[in-house]
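Analysis of the macromolecular model
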Amino acid sequence: MIFKKEHELVKKSIKDFCQRELYDTDLAENMDRYGEEMPKEFMEKLSRYKFSCPIVPREFGGAGADYVSYAIIMEELSRADASCGTFLTAGASLVALPLVNFGTKEQKEKYLKPLAEGTKVGAFGLTEPGAGSDAGATQTTAHLEGDYYILNGRKCWITNAPFCDFAVVSAVTEKGKGTRGISTFIVESNWEGFSAGAHEDKLGIRGTRTSDLIFENVKVPKENLLGKEGKGFNVMMNTLEAGRIGVAAQAVGVAQSALDEAVKYTKERVQFGKTISKFQNTQFKIAEMATKIEAARLLVFQAAQLKDEGQSPALMSSMAKYYAAEVANEVAYVALQLHGGYGYVKDYRIERIFRDARILPIYEGTSQVQQMIIAGNVLK
């Protein structure tokens, strides 16, 4: 894809940022190996350079950028470290988007603006222990009592949950109506009855904090209803359709990072009197990896461009997310194999990349869910 001048500037800016803050430091390695939390200073820098919420309008503290710019930022940040990419997409997409698209002016001032400016952290509460990708099977409930909704339930696998200031949460407001009985709320973490579960000790993206969100008779003011009552399912699906562009871009970044490591290692490793990059078998693998990454990247930017043009990105974002996630895992595996035994130890970066890649076909809709969406569109 040929970028516009402003996109080239975005790419240069985020690459320079990643070089200073990630490649030239031990931040990513320390977060992964020692379970260190993402420093507040790093989060603040993301906001200072307008990377944290690029698609949020400028009047609410964002960069007012387009989705192509967002995809560029997500790819380069995830190329440097997948955990940082996950932190970014949780706020820039899953939390910001429903506020941008469905929030009132008051809600945007109170929650969206501080989110974009980096003074507050948000979380997106959709997944439940018994629901998973089936958003229509939501069990969390909210019933109206006077001026408040009383919220009860539990959400799981929620990024930023342990330290979020507020969460966008789906709940059933009218039983027996299926997806038409679901509503969405903005819930502040300091309200009585709101708590987070134990931090999950994950295989990969260990620099992010993930836990359950627990709601026990939380009193949510009526003005914190996001969108209309009974339209929460639409809010969540609208968010995920566009949000998958970010995850797909993250997958491309992870795949590119794995290829970077493979190229570097094969040009250094000597076997039988020459570097293994000279062997035809290695070259075939490098060529295949590079081609698949570029194909995935084109899908991502096509989805982003559709969104920027005001068209629905639903099908293309599912294709991009599905294919890019599969490619990331395939490339990470092959890159690890090219490292031989060294790829299996933590001294080499490919080991972390391989673990980070495993989450990509799972979150924001599994690969199977994306295949169902794609097939449904094709067969229709």
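Basis of the calculations
Residues numbered from 1 in each chain as written. Predicted model: local features only at pLDDT ≥ 70, side-chain atom pairs only at ≥ 80, totals over all residues. Heavy atoms only, no water. Helix = DSSP H or I, 4+ residues; strand = E, 2+ residues; numbered from the N terminus. Rg over C-alpha atoms; globule rule 2.2 N^0.38 Å. Buried < 20%, exposed > 50% of the residue type's maximum accessible area, 1.4 Å probe, protein only. Contact = heavy atoms within 4.5 Å. Areas by Shrake-Rupley, 256 points an atom, 1.4 Å probe, with all protein chains shown as cover. Lys, Arg positive; Asp, Glu negative; His and termini not counted. Charge placed at Lys NZ, Arg CZ, Asp CG, Glu CD. Pairing = 2+ DSSP bridges. Axes fitted to C-alpha atoms, helices over the stretch in contact; angles between N-to-C directions. Parallel < 35°, antiparallel > 145°, perpendicular 65-115°, else oblique. Nonpolar A, V, L, I, M, F, W, Y, C, P; charged D, E, K, R; others polar. Phe/Tyr/Trp six-rings, centres within 6.5 Å; stacked < 30°, edge-to-face > 60°. Lys NZ or Arg CZ within 6 Å of the ring centre and 35° of its normal.

Quick look at the overall build of the chain
- Scanning the chain for helices and strands turns up eleven helices and ten strands.
- What you see for the chain is a C-alpha radius of gyration of 21 Å, in line with the 21 Å of a compact globule of 380 residues.
- Among the 380 residues that make up the chain, the fraction classed as buried is 53%.
- A separation of at least 24 residues holds for 74% of the contacts in the chain among residues at least 6 apart in sequence.
- Element-wise, carbon and sulfur atoms account for 51% of the exposed surface of the chain, whose accessible area totals about 17,100 Å².
- In the chain, the 47 positive side-chain charges and the 48 negative ones have mean positions that sit 3 Å from each other.

Focus: the pairing of strand β4 (residues 166-172)
- Most of β4 sits out of view: seven of its seven residues are buried.
- The alternating pattern of β4 places Phe 166, Val 168, Ser 170 and Val 172 on one face and Ala 167, Val 169 and Ala 171 on the opposite face, and all of these are buried.
- The pairing of strand β1 (residues 122-125) with β4 spans four bridges and is parallel. From the neighbouring strand, Ala 123 faces β4, where its bridge partner is Ala 167.

Notes on the packing of helix α1 (residues 5-23) against helix α3 (residues 40-48)
- With their axes 12 Å apart at the nearest point, α1 and α3 run at an angle of 175 degrees to one another. Relative to α3, the element α1 is oriented roughly antiparallel. Contacts from Phe 17, Glu 21 and Leu 22 of α1 reach α3 at Phe 42, Lys 45 and Leu 46.
- Its residues placed into classes, the contact of α1 with α3 shows four nonpolar, no polar and two charged.

Quick word on the packing of helix α4 (residues 67-80) against helix α5 (residues 82-102)
- The geometry of α4 relative to α5 is characterised by a closest axis approach of 7 Å and an angle of 155 degrees between their N-to-C directions. As judged from the angle between their axes, α4 and α5 are roughly antiparallel. Contact residues: Tyr 67, Tyr 70, Ile 73, Met 74, Leu 77 and Ser 78 in α4; Ala 82, Cys 84, Gly 85, Leu 88, Thr 89, Ala 92, Ser 93 and Leu 97 in α5.
- A class-by-class count of the residues in the contact of α4 with α5 yields ten nonpolar, four polar and no charged.

Some words on the packing of aromatic side chains
- In the structure shown here, the tally under the stated rule is twelve aromatic pairs.
- Aromatic side chains Phe 17 and Phe 51 sit 5.3 Å apart centroid to centroid with 70 degrees between the ring planes, which places their arrangement in the edge-to-face category. Highlighted residues: Phe 17 in helix α1 and Phe 51 in the loop between α3 and α4, separated in sequence by 34 residues. Each member of the pair, Phe 17 together with Phe 51, is buried.
- Among the aromatic residues, ring-to-ring pairing joins Phe 17, Phe 42, Tyr 49 and Phe 51 into one connected group.
- The lysine or arginine in question, Lys 219, covers the ring of Tyr 148, its NZ or CZ lying 4.5 Å from the ring centre.

Geometric values such as these leave the question of function open.
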